[in-house]
Amino acid sequence: MPLTDPVLSEARALIDARRYRIALRRLRQDAPEGTERHRLLGLAHLGHREPDKALAHFRRVAAERPDDPDALLHLGQAHQTANAPFPAVRWFERLARLAPGLPGIRALLAGAYRRDARYHDALATTRTALADGERGIDLLFEAATSEACLGRDSDALKSFEALLAEDPEHAAGWFGSHAQAMHGLGPDEALRRLRRATRCGGANGKYWAYLCATLLLLGRADEARAVEAAHIVPAPKHRPLVDGALALLPDLAADLRLFGSSGRLLRHALTEATVPGLVLEFGVRRGTSLDHLAEAAGQEVHGFDSFEGLPEGWVNAPRGVLTTGRQLPAVRANARLHVGWFEDSLPPFLAAHPGPVRFVNVDSDIYASARTVLAALAGRLMPGSVVVFDEYIGNRSWREDEYRAFQEFAAGHAVGYEYFAVSPFTKQVAVRILSIGGKTATA
Ligand SMILES: C[S@@+](CC[C@H](N)C(=O)[O-])C[C@H]1O[C@@H](n2cnc3c(N)ncnc32)[C@H](O)[C@@H]1O
């Protein structure tokens, strides 16, 4: 809608020019009160990366104009920027119902489902749109990424190929495809794709960190050092993944394997967990990883989660992020869910389930949750047990998260261990316990 008020039109132009701070000042001081002022204030706050403030304004717009497609779109976007995928989905779904013909709506909805870990819904949305003849790079990207998240790496690779055939300069497409190429096509092809991603216009500088970390883990130290000197030293914000890989080097197993897919790593890690015993997962959310474990374990598996999201804020995300709104996922017949906070659900479970732990997937992100789990399982982990951490390296705060929890646990319980599977792309690491509290495999 054209803006007739000169201050509102000026603010709109400032927002389009990404001059958010000045737009905010003009709007606050001089713009007439009303829906358009709130819409523009919301957009300016959103552009300024203040999604919570943006949400307050967009809510006012939506309260006055509940069927305004822009208001619904902005609410969805602001929730997404606020790292709140669960409510974002609600707004995008409403928008899709209200304006099904809106260009790009199905790619937006698929992206919202994907961020909410509803990969099957994301895939169904993209497939319907593609079957209807809709075209677009965003749809292909969403299809490829959801397939990757579901562990379907050969499908994901095909979808990335389709995307790259349409847009050979799609940096995120090359980056995504490198991880999916790791298994079927091997590390050299994965590295080629990663290097190709770095050469695309507008490529994210973090790709250099993935390249450097992967080279380090492959033992190609000279190439890694060259990448580090040229691209990481001048951009220290990309150091965490490189530092994380460096921290793993002294404890790499002789049979180390690199992965790019979470599902593949989990399945491999399970086959290496030779101690008969419990198979446990901490952090289930929508059940994607539990599904891999349940399918591959050949026994009962147990998933623990509050389904209320993280109990405290983490990195840029608020407390409660990753909630499913307490909805439980559908799981395979051999999977049992244990609902609640780990400190409440784990002690009674352990009292009722004696014996060693064969395998643990720690996918609960924060230090406190990993510490709770490891402390409770201390007497049950044996030489030969396997622990997979899902966010071990790569995040800005990795030294203070799962890594710290495990390092403290290892020091406190005399744990000898080695890393036998690593996925820089998904930040997962699989640990083989070699000895614990003086016990070794042969002792
Ligand atoms: C990253 S998600 C898990 C993702 C899942 N493994 C998958 O495959 O998509 C992290 C989950 O950990 C749960 N969580 C974190 N700390 C917890 C705690 N102390 N007690 C219970 N649940 C917790 C959150 O509710 C959230 O669902």
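This write-up is about the structure you can find in this document. Owing to the predicted nature of the structure, the values given are computational and were not obtained by experimental measurement. (Residues numbered from 1 in each chain as written. Predicted model: local features only at pLDDT ≥ 70, side-chain atom pairs only at ≥ 80, totals over all residues. Heavy atoms only, no water.)

### As for the environment of Leu-434
- With respect to the helices and strands, Leu-434 occurs in strand 8 (residues 428-436).
- For the pair Leu-434 and Tyr-417, spaced 17 residues apart in sequence, the C-alpha to C-alpha distance is 5.0 Å.
- Residue contacts for Leu-434: discarding those within four places in its chain leaves Pro-383, Gly-416, Tyr-417, Glu-418, Lys-439, Thr-440 and Ala-441. (Helix = DSSP H or I, 4+ residues; strand = E, 2+ residues; numbered from the N terminus. Contact = heavy atoms within 4.5 Å.)

### Here we look at the pattern of salt bridges
- Evaluation of the coordinates by the stated rule reveals 39 salt bridges.
- Between Glu-36 and Arg-39 there is a salt bridge whose closest N-O contact spans 3.0 Å. In this pair, Glu-36 and Arg-39 are both assigned in helix 3 (residues 35-47), 3 residues apart and thus about one turn of the helix distant. Exposure class is identical for Glu-36 and Arg-39. Each is buried.
- Here Arg-432 ties to Glu-272 by a salt bridge, and the two come within 2.7 Å at their closest N and O atoms. Separated by 160 residues along the polypeptide, Arg-432 in strand 8 and Glu-272 in helix 16 (residues 262-272) bring together distant segments of the chain.
- Classification of Arg-432 as buried rests on a relative accessible area of 13%.
- Where salt bridges share partners, they join Arg-225, Glu-228, Arg-239, Asp-243 and Arg-399 into one cluster. (Salt bridge = Lys/Arg side-chain N within 4 Å of Asp/Glu carboxyl O. Buried < 20%, exposed > 50% of the residue type's maximum accessible area, 1.4 Å probe, protein only.)

### Some points on the nonpolar core
- Leu-280, Phe-282, Val-360, Leu-377, Tyr-392 and Phe-406 are the most contacted members of the largest nonpolar core, which totals 69 residues.
- Here this core takes 10 residues from helix 13 (residues 206-217), the largest share from any one element.
- Excluding its chain neighbours within four sequence positions, the residues that come into contact with Tyr-392 are Leu-248, Trp-398, Glu-402, Tyr-403, Phe-406, Gln-407, Tyr-419, Lys-427 and Val-429. (Core = buried A, V, L, I, M, F, W, Y, C linked by side-chain atoms within 4.5 Å.)

### As for the packing of helix 6 (residues 85-98) against helix 7 (residues 105-115)
- The geometry of helix 6 relative to helix 7 is characterised by a closest axis approach of 9 Å and an angle of 160 degrees between their N-to-C directions. In terms of their interaxial angle, helix 6 and helix 7 are classed as roughly antiparallel. Crossing angle aside, the handedness with which helix 6 passes helix 7 is left-handed. Counted together, Pro-85, Val-89, Phe-92, Glu-93, Leu-95 and Ala-96 of helix 6 and Ile-105, Leu-108, Leu-109, Ala-112, Tyr-113 and Arg-115 of helix 7 form the full contact between these two elements.
- Within the contact of helix 6 with helix 7, the residues separate by chemical class into 10 nonpolar, no polar and 2 charged. (Axes fitted to C-alpha atoms, helices over the stretch in contact; angles between N-to-C directions. Parallel < 35°, antiparallel > 145°, perpendicular 65-115°, else oblique. Left-handed = near helix turned anticlockwise from the far one by under 90°. Nonpolar A, V, L, I, M, F, W, Y, C, P; charged D, E, K, R; others polar.)

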